[in-house]
Amino acid sequence: MKIATWNVNSLKVRLPQLLSWLTEEAPDVVCLQETKIEDKFFPCAEITASGYHACFSGQKTYNGVALLTRDAPSEVVFGNPLYPDEQKRLLTATVRGICVVCAYVPNGQSIGSDKYAYKLEWLDALAGWLAGRLAGHRQLALAGDFNIAPEDRDVHDPLAWAGQILCSEPERAAFQRLLSLGLQDSFRLFAQPERSFSWWDYRMLGFQKNHGLRIDHVLLSAPLAARCVVSGIRRDMRKLERPSDHAPVVTEWTD
DNA sequence: ATGGTAGCCGCGCTA
């Protein structure tokens, strides 16, 4: 099974790129973040024509997540049952017996801000819910935009970013707590190029200078990690005209 | 030097 996660930064703008990428990459499951589209405007016809089922939880202008699946999803869960949240950031479904959780973790804006507190609270609630979820779903994948660079090697300039948003110790501790539930960072199961990132700021020639961070992840429970065969970042997608600021992350395991 | 770009909706907010 091949799973991908991609923060599209507007599904409306990125739809042509998404459709051609689906054809080329042929993932079984795609987790999308920052769709920024209300459910009534979701491009169901185009997605269906590409051979995918879709479930989605969107809102105007901000946030929004979607799951595209080759096989029909079941047991769809909107949001975190333990954490009522107006912001559409979490979507879970079961596909081919695997529980797939699509997450758009809050950015946090800056250390000490209200949004930072919300980010840590949101992550705490996610871990709390996943702990129970994993008990009944041993095959589980958590994929999305975590807005956390787990280690210094995931940051283009660790000194400049030390203690900053996306890199602070409380955020990294929250990421480690997710791993402590029994999840593994699929990207790090394999040798990877140095300076591998999944997001580059639109500003200051961030991509051209490879001034990026690895903040998009696919975490796998032990039974899936044991069968995982490859994980990589589709950096080339960031080179397209009018790109998302994120590149897709693609992970595959044997059935 | 607190800049810069993109997307949204509207002329600011979020990332």
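Overview of the structure. (Residues numbered from 1 in each chain as written. Chains lettered and ligands numbered in written order. Predicted model: local features only at pLDDT ≥ 70, side-chain atom pairs only at ≥ 80, totals over all residues. Heavy atoms only, no water.)

We now examine the sheet that holds strand β2 (residues 29-33). Adjacent strands of a sheet form backbone hydrogen bonds with each other and so pair up, either parallel or antiparallel. In spatial order, the strands read β3-β4-β2-β1-β14-β13; together these six strands make up an open sheet with mixed pairing. Strand pairing shows two members of the sheet lacking a second neighbour, β3 (53-57) and β13 (228-233), which therefore form its edges. For this sheet, the mean inter-axis angle between neighbouring strands, taken without regard to orientation, is 10 degrees. Here β13 runs beside strand β14 (residues 249-253); their pairing, made up of five bridges, is antiparallel. Residue pairing for β14: Ile 233 is matched across the bridge by Val 249. Contacting β1 (2-7), β2, β4 (65-69) and β14, helix α1 (residues 11-25) runs over the sheet at an angle of about 160 degrees to β1. (Pairing = 2+ DSSP bridges. Helix = DSSP H or I, 4+ residues; strand = E, 2+ residues; numbered from the N terminus. Axes fitted to C-alpha atoms, helices over the stretch in contact; angles between N-to-C directions. Contact = heavy atoms within 4.5 Å.)

Let us look at the protein's contact with DNA strand B. Neighbouring DNA strand B are 16 residues, the closest being Ser 10, Val 13, Arg 14, Arg 203 and Arg 242. Taken together, the sugar and phosphate atoms account for 65% of what DNA strand B places within 4 Å of the protein. The separation between a phosphate oxygen of DNA strand B and a polar side-chain atom of Ser 10 is 2.4 Å. Between Arg 242 and DNA strand B, the recorded distance is 3.2 Å, taken from a side-chain N or O atom to a phosphate oxygen. (Near = heavy atom within 4 Å. Polar contact = N/O pair within 3.5 Å; in protein donor to acceptor, adjacent residues only side chain to side chain.)

If you check helix α3 (residues 114-136), its first and last C-alpha atoms are 34 Å apart, about what 23 residues at 1.5 Å a residue would give, namely 33 Å. Looking at α3, one finds that the buried residues are Tyr 116, Tyr 118, Lys 119, Trp 122, Leu 123, Ala 125, Leu 126, Ala 127, Trp 129, Leu 130, Arg 133 and Leu 134. (Expected span 1.5 Å × (residues − 1). Buried < 20%, exposed > 50% of the residue type's maximum accessible area, 1.4 Å probe, protein only.)

Ile 3, Val 29, Cys 31, Leu 67, Val 100, Leu 220 and Trp 253 are the most contacted members of the largest nonpolar core, which totals 29 residues. Of the residues forming this core, the biggest block, four residues, is contributed by strand β7 (residues 98-104). Among all residues touching Ile 3, those that are not within four sequence positions of it are Val 29, Cys 31, Val 100, Ala 141, Ala 143, Val 218, Val 249, Val 250, Thr 251 and Trp 253. (Core = buried A, V, L, I, M, F, W, Y, C linked by side-chain atoms within 4.5 Å.)

Another aspect to go through is the packing of aromatic side chains. Applying the stated criterion across every chain yields a total of four aromatic pairs. Ring geometry for Phe 42 against Phe 56: centres 4.0 Å apart, planes inclined by 10 degrees, an arrangement best described as stacked. Of this pair, Phe 42 sits in the loop between β2 and α2 (44-49) while Phe 56 sits in strand β3, placing them 14 residues apart in sequence. Between the aromatic rings of Trp 200 and Phe 207, the centroid separation amounts to 4.9 Å while the plane-to-plane angle is 85 degrees, which identifies the pairing as edge-to-face. Each member of the pair Trp 200 and Phe 207 is classed as buried. (Phe/Tyr/Trp six-rings, centres within 6.5 Å; stacked < 30°, edge-to-face > 60°.)

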